[in-house]
Amino acid sequence: MGIHCGTPVCESDLITGRMDYFEPIVIRAARISGNVAGGQIMCSATVVREINAKIFETGPDTEYSEFQPTQAIEVIRQMQIAVVPADEIKLKGLEIPEVVSLVYPAALLGRQDLDASGSSLARVQLSIGQVRELTVLCLRFEALASSRVFRLRLEGSDCVADLSLETLSDEDVVEPSIMYGDPSVLFPPMNDKTSDLEIMMQLDSLSLRLENAAKSLTLRSLADQSSAITTALEDKEGNDEQTLRVLASLLSSR
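Residues numbered from 1 in each chain as written. Predicted model: local features only at pLDDT ≥ 70, side-chain atom pairs only at ≥ 80, totals over all residues. Heavy atoms only, no water.

**Section: the overall build of the protein chain**
Counting secondary structure elements, the protein chain contains 10 helices and eight strands. Looking at the protein chain residue by residue over its 254 residues, the buried ones come to 26%. Across the protein chain, contacts joining residues at least 24 apart in sequence account for 58% of those joining residues at least 6 apart. Approximately 17,000 Å² of the protein chain is accessible, and the part contributed by carbon and sulfur atoms is 54%. (Helix = DSSP H or I, 4+ residues; strand = E, 2+ residues; numbered from the N terminus. Buried < 20%, exposed > 50% of the residue type's maximum accessible area, 1.4 Å probe, protein only. Contact = heavy atoms within 4.5 Å. Areas by Shrake-Rupley, 256 points an atom, 1.4 Å probe, with all protein chains shown as cover.)

Spelled out as structure tokens, the structure:
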């Protein structure tokens, strides 16, 4: 988003009845917007002076300061914005260049480092190790959904980096409440040559699996409370015995 402020020439369109805006101020705002990358908010020097006057209160008021709504000023202050000087840019069709700055809310100030490094904001910002850790979390959730505990186990001399592996005892092998698996089998093949698209596909699959496991846990919790729910419904008029049995059956089947 690009922002500039000023007083343009306004005329009503004879056909549509809507207001049209002209003059270099409108062109300058459009040219600034055309120079903004994704995820950025770029402001002209005029806007920065207004920010200094009304938000930071470090500069004198401008000719537009009296028109700024108090509510909007307070909301922007709560965002704790930071103004980062960018550069002087030449705008197409305008003789005078513009000194622009980037504005970030405190919560998104980390984008400044991405912009400075030239990295694409759309690039996956996860390492292979983090994806593996998320896979372990997904396996643990799925095991919980079936009333079991998941543990990683190494087969032979295999080794998986970045993961903390648990020792498997003989008791765990015969314990039905323990679900164990070999990471080399459960994890998708990923290495330094894995593309962003492949990582995104894996993340999408993991998110769906986590969502399904969370739903299963929720339904299981409801099933555990089926007796209490049935008792509560029996106290309500209009609920016949057959309806209650069907409801209890649905809850227990989940």
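**Digging into the nonpolar core**
As a rule of thumb, soluble globular proteins bury nonpolar side chains together. Core analysis: the largest hydrophobic core is formed by 10 residues, namely Ile32, Val36, Met42, Val84, Ile89, Leu91, Leu94, Val100, Leu102 and Tyr104. Of all elements in the fold, only β5 (82-89) and β6 (98-104) reach the threshold of two or more residues within this core. For this core, the element with the highest residue contribution is β6, accounting for three residues. Sequence-distant contacts of Val100, that is, excluding residues within four places in its chain, are made with Met42, Cys43, Pro85, Ala86, Asp87 and Ile89. (Core = buried A, V, L, I, M, F, W, Y, C linked by side-chain atoms within 4.5 Å.)

**Description of the pattern of salt bridges**
Applying the stated criterion to the full structure yields five salt bridges. Its salt-bridge partner being Arg209, residue Glu142 comes within 2.8 Å of it at the nearest N-O pair. Placement of the pair is Glu142 in helix α5 (residues 128-145) and Arg209 in helix α8 (residues 196-224), with a sequence separation of 67 residues. Classification of Glu142 as partly exposed rests on a relative accessible area of 26%. (Salt bridge = Lys/Arg side-chain N within 4 Å of Asp/Glu carboxyl O.)

**Focus on the pairing of strand β2 (residues 9-12)**
Across a regular strand the side chains alternate sides, sitting on one face of the sheet and then on the other. Summarising the sheet, β2 and strand β3 (residues 19-22) pair through four bridges and their orientation is antiparallel. Residue Ser12 lies in a different strand from β3, and its bridge partner there is Met19. Between β2 and the antiparallel strand that follows it, β3, lie six residues; Gly17 among them carries a positive phi value of about 80°. (Pairing = 2+ DSSP bridges.)

**So, the side chain of Ser65**
Here Ser65 lies in the loop between α2 (45-54) and α3 (70-78). Note on Ser65: relative accessible area 3%, which makes it buried. Of the polar contacts made by the side chain of Ser65, one reaches the side chain of Glu50; its length is 3.0 Å. Discounting chain neighbours no more than four positions away, the residues touching Ser65 are Glu50, Ala53 and Lys54. (Polar contact = N/O pair within 3.5 Å; in protein donor to acceptor, adjacent residues only side chain to side chain.)

**Some points on a nonpolar patch on the surface**
A surface patch of nonpolar side chains, about 280 Å² in accessible area, is lined by Met19, Tyr21 and Val26. Take Val26: it is sitting in helix α1 (residues 24-34). (Patch = residues over 30% accessible without salt bridge, like charges linked within 9 Å, V, L, I, M, F, W, Y side chains within 5 Å.)

**Observations concerning unusual backbone geometry**
Residues other than glycine seldom take positive phi values, yet Glu23 does so here, at roughly 90°. Counting through the fold element by element, Glu23 comes out in the loop between β3 and α1. Located in the positive-phi region is Glu57, a residue other than glycine, with phi close to 55°. Here Glu57 is to be found in the loop between α2 and α3.

**Overview of α2**
Because an α-helix completes one turn every 3.6 residues, residues spaced three or four positions apart along the sequence face the same direction. Looking only at α2, the buried set comprises Thr46, Val47, Val48, Glu50, Ile51 and Ala53. Summarising the contacts, the buried residues of α2 are in contact with β1 (2-3), β4 (42-43), β5 and β6.

**Quick look at the environment of Thr62**
Mapped onto the secondary structure, Thr62 falls in the loop between α2 and α3. For the pair Thr62 and Arg49, spaced 13 residues apart in sequence, the C-alpha separation works out to 7.5 Å. Apart from the residues lying within four places of it in its own chain, the contact partners of Thr62 are Arg49 and Glu50.

**Topic: the side chain of Thr135**
Within the secondary structure layout, Thr135 lies in helix α5. Look at Thr135 and you get buried, because its relative accessible area is 3%. Not counting the four nearest positions on each side in its chain, Thr135 is found in contact with Phe187, Gln202 and Leu206.

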